[in-house]
Amino acid sequence: MATIEGALSFSAASVVEDVLQQHGNRSRHLDFDARRAEEAAIRRYEAATWLRKMVGVVGAKDLPAEPSEEEFRLGLRSGIILCNVLNKIQNGAVQKVVESPCDPALIPDGAALTAYQYFENVRNFLVATQEMGMPTFEASDLEQIVDCFSGWKILKVVNCVLALKSYNEWKQTGGNGVWKFGGNVKTTTSGKQFVRKNSEPFTSSLSRTMSSNEKSFNGVCTDKDANRTPLSMLVRAILLDKKPEDVPNLVESVLSKVVEEFEHHIASQVESKKASSRDSNISHGSKTMVKPSSPSVQIEEKNVAASSRDHILHKDKIYDEESESKFIKHQMIVDQQQKDIKVLKQTLSTAKAGMQFMQVKFHEEIHNLGLHIHGLAHAASGYHRVLEENRKLYNQVQDLKGNIRVYCRVRPFLPGQCSYLSTVDHIEEGTITINTSTKNGKGRKSFNFNKVFGPSATQEEVFSDTRPLVRSVLDGYNVCIFAYGQTGSGKTYTMTGPKDLTENSQGVNYRALGDLFLIAEQRKDTFFYDVSVQMIEIYNEQVRDLLASDGLSKRYPF
């Protein structure tokens, strides 16, 4: 064994020791992470158990006794449990606790709570704990865990809950002195332990074997291996906290790693020896080639070397010039771009200022337009109100004048009747006096009407007194105008006009229709009227339709 290792630059003991040290370091890191995770879980279980004890099983139905980090966050994210516990420790710390509108278990993972509940419960709890001088956390620490700092966020929440527990225990013991919370709460529960039992027998036997092997390696170890840790201590450190059933797999893994490392060391040493022998052969050959060289060859080689060096320097100079020109061009482009950016920024700021000014003016114009429209609407409502009042007053005046009005019109003499004598004695505003013959001589008889029109009255004068009645039709009233008298008394002339009809000679019918259409046109922006016309004749106790379209006079049965 000594002769084999003498040919090598390393020992088997050093390879085994390196593998054991690497394995031990990796195991210690893994054990430390596991131990830290288990300690965090024990603290979380303690916090959850105390919260369930304070609010009861029903109040903490969403918080398991041994929750995971996600279950712990979901159970506390509504803030109801935290606020209720704080009120039990210090009465009135949270004035109002908003109860959950629905079962939190039915809220999907990551779904946002109602903003009212979130800001009322969690914010009030954090404010109260901060005023009490306790460690707090951020409201976002109770949101969904999606980053690498999730464990640290939940740890802050657990630390706050355990601080409340410590404060509660301090108050229950009398509250003597000043309460302080160090942050490292010692757990009293019998949690899971990391001590592995029943590994000492195998460790002792393996240590005895390794110590016997160490004695055989001491003679071949170099001086640099004298300061290494003994193999027995490395083996004992690795197997100290391992279960018996894990030892065979561990030994197999270590041995396979030792063999792999040993083979790697041997291969590396062989390659290094081959490379050193190859370099020595090349150096020997180069020496033999240099010896026969002549002075002319050496001069030629120097010239070639000088020319190549000059060529390289020339290329480097050209490359430097090109690089400098490219740099200058690039710098010019950058400067131009910076100038363009400044111009664009100025243009943008000007455009923003213009848009803001236009926006202000637009709002002012909209405001003024709204005020103007409001004034117009108010004026329109007042106009309609006054118009309605005027309509009512107008029709009341017409009613006061009488619903039934009787007018009298005296027909003038026709051409060729100028020598005839008139029986009309005189005409006043509403009275006409007629000369009558009696047995004892001439007599007079007076008749009263709403108004009497003399022989000289025009068609316009006759219609002007009936015009108010015509306008009442557009206000919704029923109006009837008709003429009666003996044959030849001038009924057709008064209602229609003569055969040769002109604007001045139009009768009541034409003038009434014209006045109706004129008023309807004036009120078209306010009212819509539907006008229909019917013309009938009563002759010999029969009613006929004078506007029948079939060419025959339609007779009505009444």
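Not measured: the values here are computed from a predicted model.

What counts as what
Residues take numbers from 1 onward in each chain, read along the sequence in its written order. Where local features are concerned, this predicted model is filtered to residues with pLDDT of at least 70; where side-chain atom pairs are given and counted, the filter is 80 or more; whole-chain, interface and lining totals use all residues. Computation of side-chain values covers all heavy atoms of the structure but excludes hydrogens and water. Secondary structure follows DSSP: runs of H or I at least 4 residues long count as helices, runs of E at least 2 residues long count as strands, and numbering of each begins at the N terminus. To estimate the expected span of a helix, count its residues, drop one, and scale the result by 1.5 Å. Partly exposed describes any residue whose relative accessible area lies between the buried limit of under 20% and the exposed limit of over 50%, with all areas from a 1.4 Å probe on protein chains only and scaled to the type maximum. In this context, the arc is that of the directions from the helix axis out to the C-beta atoms. Contacts between residues were defined by any pair of non-hydrogen atoms, one from each residue, lying within 4.5 Å. Basic side-chain nitrogens of Lys or Arg form a salt bridge, by our definition, when they fall within 4 Å of a carboxyl oxygen of Asp or Glu. In this description, strands pair whenever DSSP reports at least two bridges between them. Lines are fitted to the C-alpha atoms to define the axes, a helix being fitted only along its stretch in contact, and any angle between axes, read from their N-to-C directions, falls within 0 to 180 degrees. Should an angle fall under 35 degrees it is taken as roughly parallel, and over 145 as roughly antiparallel, whereas 65 to 115 is taken as roughly perpendicular and any remaining angle as oblique. Note: crossing handedness is left-handed where the near helix turns anticlockwise from the far helix by less than a right angle, and right-handed where it turns clockwise. Exposure above 30% relative accessible area and the lack of any salt bridge qualify a residue for a patch; like charges then connect within 9 Å, and the nonpolar side chains Val, Leu, Ile, Met, Phe, Trp and Tyr within 5 Å. Accessibility throughout is a Shrake-Rupley quantity obtained with a 1.4 Å probe, and a residue counts as covered only by protein chains that appear here. For Phe, Tyr and Trp, where Trp contributes only its six-membered ring, two rings pair if their centres lie within 6.5 Å, and the inter-plane angle classes them as stacked under 30 degrees, edge-to-face over 60, or tilted in between. In protein, a polar contact means a hydrogen-donor-capable atom and an acceptor-capable atom, both N or O and within 3.5 Å, with residues adjacent in sequence counting only if both atoms are side-chain atoms; elsewhere, any N or O pair within 3.5 Å suffices.

Draft legend 1. Summary view of helix α13 (residues 508–522). Over its 15 residues, α13 extends 21 Å from the first C-alpha to the last, a length consistent with the 21 Å expected when each residue adds 1.5 Å. Taken together, the buried positions of α13 are occupied by Val508, Arg511, Ala512, Asp515, Leu516, Ile519 and Ala520. Relative to the axis of α13, the buried residues are bounded by an arc of 165° and lie together on one face. Looking at the buried positions of α13, the neighbouring elements they touch are α11 (459–472) and α12 (491–495).

Draft legend 2. Expanded view of the pattern of salt bridges. Counted by the stated rule, this structure contains 10 salt bridges. As a salt-bridge pair, glutamate 169 and lysine 165 come within 2.7 Å of each other at their nearest N and O atoms. With glutamate 169 and lysine 165 both in helix α6 (residues 150–172) and 4 residues apart, the pair spans about one turn of that helix. Judged by relative accessible area, which is 39%, glutamate 169 ranks as partly exposed. Using a relative accessible area of 15% as the deciding quantity, one classes lysine 165 as buried.

Draft legend 3. Structural detail: the pairing of strand β2 (residues 424–427). In the sheet, β2 pairs with strand β3 (residues 431–438) via 3 bridges, with the strands oriented antiparallel. Residue pairing in the sheet places isoleucine 427 in a bridge with isoleucine 432 of β3. Connecting β2 to the next strand, β3, in antiparallel fashion are 3 residues.

Draft legend 4. Expanded view of the packing of α11 against α13. Interaxial distance between α11 and α13 falls to 10 Å at its minimum, and their mutual angle equals 45°. One finds that α11 runs oblique with respect to α13. For the element pair α11 and α13, the recorded crossing hand is right-handed. Facing α11, whose interface residues are Gln459, Glu460, Val462, Phe463, Thr466, Arg467, Val470 and Arg471, α13 presents Val508, Arg511, Ala512, Asp515, Leu516 and Ile519.

Draft legend 5. Expanded view of the pairing of strand β6 (residues 536–539). Both β6 and strand β7 (residues 542–545) contribute to a ladder of 4 bridges, which runs antiparallel. Counted as the bridge partner of glutamate 537 is arginine 544 from β7. Linking β6 to β7, which pair antiparallel, is a turn of 2 residues; within it asparagine 540 sits at a positive phi near 55°.

Draft legend 6. Seen up close, a nonpolar patch on the surface. A surface patch of nonpolar side chains, about 590 Å² in accessible area, is lined by Leu513, Phe517, Val531, Val533, Met535, Leu546 and Leu547. Within the fold, leucine 513 resides in helix α13. Residue classification places leucine 513 among the partly exposed positions, given a relative accessible area of 32%.

Draft legend 7. Spotlight on the packing of aromatic side chains. If you walk through the whole model with that rule in mind, you get 5 aromatic pairs. Summarising the aromatic geometry, the rings of phenylalanine 125 and phenylalanine 137 are spaced 6.3 Å apart at their centres and angled 40° between planes, so their arrangement reads as tilted. One end of the pair, phenylalanine 125, is in helix α5 (residues 115–131); the other, phenylalanine 137, is in the loop between α5 and α6, and 12 residues separate them in sequence. For phenylalanine 125, a relative accessible area of 0% puts it in the buried group. An angle of 35° between the planes, with centres 6.0 Å apart, marks the rings of tyrosine 407 and phenylalanine 453 as tilted. Separated by 46 residues along the polypeptide, tyrosine 407 in strand β1 (residues 407–409) and phenylalanine 453 in strand β5 (residues 451–453) bring together distant segments of the chain.

Draft legend 8. Summary view of the side chain of threonine 129. By secondary structure assignment, the location of threonine 129 is in helix α5. Within the structure, the side chain of threonine 129 is placed 2.9 Å from the backbone oxygen of leucine 126, a separation counted as a polar contact. Excluding residues that lie within four positions of it along the chain, threonine 129 makes contacts with Leu86, Met134 and Thr136.

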